[in-house]
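Listed here are the chains, written in short residue letters.
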Amino acid sequence: PVYKVVAKGWTTGAIKWFFNVKDYYESQFDKETGQPYKFVRNIDEGGYTKNRIVDFDYVQKKALIYDLKENSNTTVDIEDNIQDLVSAYYYLRDHYDTETVQERDIIELNVFFDSELFLFKLKYLGRETINTKFGKIKCIKLRPYVMAGRVFKEEESLTLWVTADKNKLPIKIKADLRVGSLRADLDALKGLKHPFEIQL
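Residues numbered from 1 in each chain as written. Predicted model: local features only at pLDDT ≥ 70, side-chain atom pairs only at ≥ 80, totals over all residues. Heavy atoms only, no water.

### Section: the side chain of R143
Selection criterion: In DSSP terms, a helix is any run of H or I states spanning at least four residues, a strand is any run of E spanning at least two, and both are numbered starting from the N terminus. Throughout, exposure labels follow a simple rule: accessible area from a 1.4 Å probe, protein chains only, divided by the maximum for the residue type, with under 20% read as buried, over 50% as exposed, and the rest as partly exposed. Under this definition, polar contacts are N or O atom pairs within 3.5 Å; protein pairs additionally need one hydrogen-donor-capable and one acceptor-capable atom, and for neighbouring residues in sequence, both atoms have to be side-chain atoms. Should any heavy atoms of two residues lie within 4.5 Å, those residues are considered in contact.
Counting through the fold element by element, R143 comes out in strand β9 (residues 135-144). Given the relative accessible area of 19%, R143 is considered buried. Within the structure, the side chain of R143 is placed 3.4 Å from the backbone oxygen of L158, a separation counted as a polar contact. What R143 contacts, discounting residues up to four positions off in sequence, is K121, L122, K123, L125, E156, L158 and T159.

Right under this line is the structure:
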């Protein structure tokens with residue numbers, strides 16, 4: 001039994017005539033352990049394209065990578081305690097203790113991305129109440145370390161606000177890009193497992 005999660009991103013408005021983005025990510029991960037079994041990445045970012053399917057074989061300790069764009073298959077050695085780019089969020093939501101963490105603590109996680117393992121780092125910046133379209137929301141403020149270069153200005157360019165309730169919903173994102181900046185706010189939600197806490 002797995003959860004299947006799909007994440008999509010695309011440009012809107014006039015900017016798509018200059019830099020069009022159409023991204024599709026999919027993860028299938030174990031309902032109990034959060035361990036990923038399959039990861040799909042099909043992206044087109046201003047002409048930069050990738051289309052890959054990764055199957056994780058924990059018996060053989062291999063990631064089987066099917067590159068649909070290049071029409072090639074490769075294998076990479078892996079460990080048991082890994083996540084993919086999408087499953088990592090759900091794993092952290094369910095396994096990261098936000099009550100005992102101290103400000104500026106760094107959480108580390110082994111993430112498989114682009115045919116290799118890398119150490120994903122997330123800095124805890126404290127708690128903050130922010131104004132949203134839903135009202136005032138108590139949040140946990142985090143800084144995921146990103147790769148500086150093609151998209152992001154530097155490795156600490158991204159800031160993420162997640163609700164401080166049991167849902168841990170990503171409610172706001174700000175990023176300094178190599179060219180310009182980005183802001184995203186949660187627009188709608190439904191089917192939450194826990195009550196959505198709004199401050200009066």
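The structure having been displayed, the exposition proceeds.
### Regarding helix α1 (residues 87-95)
To keep things clear, this is the line we draw: Working note: the arc is built from the helix axis to C-beta atom directions.
Within α1, the full set of buried residues consists of S87, A88 and L92. One side of α1 carries all its buried residues, which in axial view fall inside an arc of 130°. Along its buried surface, α1 packs onto β2 (21-30), β3 (36-45), β7 (106-113) and β8 (116-132).

### Regarding unusual backbone geometry
In the Ramachandran plot, N71 falls in the positive-phi region, its phi being about 55° despite a non-glycine side chain. Within the secondary structure layout, N71 lies in the loop between β5 (62-67) and β6 (72-77). You can call N71 exposed: its relative accessible area is 72%. Despite not being glycine, K168 shows a phi value in the positive range, around 50°. Relative to the assigned elements, K168 resides in the loop between β10 (158-163) and β11 (170-176).

### Side note on the pattern of salt bridges
The following threshold applies: For this document, the term salt bridge refers to a Lys or Arg side-chain nitrogen within 4 Å of an Asp or Glu carboxyl oxygen.
Here the structure, examined in full by the defined rule, presents 11 salt bridges. For K62, the salt bridge goes to D77, with nearest N and O atoms at 2.5 Å. With K62 in strand β5 and D77 in strand β6, this residue pair connects regions lying 15 residues apart in the sequence. For K62, a relative accessible area of 29% puts it in the partly exposed group. Notably, a salt bridge pairs R127 with E99, separated by 3.5 Å at the nearest N-O pair. Of the two residues, R127 is situated in strand β8 and E99 in the loop between α1 and β7; the sequence distance between them amounts to 28 residues.

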